[in-house]
Amino acid sequence: MPSAFCCGKSGGGCVFGNDDGLNEILDRCKQADGFVFGSPVYYASANGTMISFMDRLFYAGAAALSHKPSAVIASARRAGTTATLDELNKYLTINQMPVASSTYWNMVHGSCAEDVKKDAEGLQTMRNLAKNLAWLLKCVQAGKDAGIAPPSPERDHRTNFIR
């Protein structure tokens, strides 16, 4: 079993990523302009596979994701979507990723794909999200074209709350 912080020492990959394709995904992330992450809701949370994926992706590949516009979406039968959106958005905001929004929370409802197709407001929200993310991607590109670099974060202070 690898010790703590092995991904950071591996040169930008996940030490477990060769078995399940995570390092291949990280390579694709380096080329991507932006991201949409989504999950079904299980017990008012993103599903466990998604959380494990996000933990590993953001720990091993933060540099490939930082400052790239992104959005999260959730799909549920009834409830738990706002908790799931909050849970997933935290990955983006801790990694300095501009977050695209919509005209309502980024969620759709239904027990199956056919039900979701009947969620007119949810689908409208997704279309507006897509437009806003496309606009944000164009704004970031225009900034790059104008020579505007992303800000460099301060990283000097790491403290805990025990004094």
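All of the points below concern the structure found in this document. (Residues numbered from 1 in each chain as written. Predicted model: local features only at pLDDT ≥ 70, side-chain atom pairs only at ≥ 80, totals over all residues. Heavy atoms only, no water.)

## Overview of helix H4 (residues 48–65)
At step 1: With 18 residues, H4 should cover 26 Å at 1.5 Å per step; its first-to-last C-alpha distance of 21 Å lies more than 12% under that length.
At step 2: Considering bend angle alone, the principal kink of H4 is centred on Tyr-59 and spans about 60°.
At step 3: All of the buried residues along H4 are Met-50, Ile-51, Met-54, Arg-56, Leu-57, Phe-58, Ala-60, Gly-61, Ala-64 and Leu-65.
At step 4: One side-chain oxygen of the residue at the start of H4 lies 3.2 Å from the amide nitrogen of Thr-49, identifying that residue as Asn-47.
At step 5: Just beyond H4, the residue with positive phi is His-67, at close to 65°. (Helix = DSSP H or I, 4+ residues; strand = E, 2+ residues; numbered from the N terminus. Expected span 1.5 Å × (residues − 1). Bend = angle between axes of the 7 residues up to and from the residue. Buried < 20%, exposed > 50% of the residue type's maximum accessible area, 1.4 Å probe, protein only. Polar contact = N/O pair within 3.5 Å; in protein donor to acceptor, adjacent residues only side chain to side chain.)

## What to know about the side chain of Asn-47
At step 1: Structurally, Asn-47 can be placed in the loop between strand S1 (35–40) and H4.
At step 2: The buried category is assigned to Asn-47, whose relative accessible area is 13%.
At step 3: Within polar-contact distance, the side chain of Asn-47 engages the backbone nitrogen of Thr-49 at 3.2 Å.
At step 4: Leave out the neighbours within four places in its chain, and Asn-47 touches Ser-39, Pro-40 and Tyr-42. (Contact = heavy atoms within 4.5 Å.)

That's the geometry; what it means functionally is another story.
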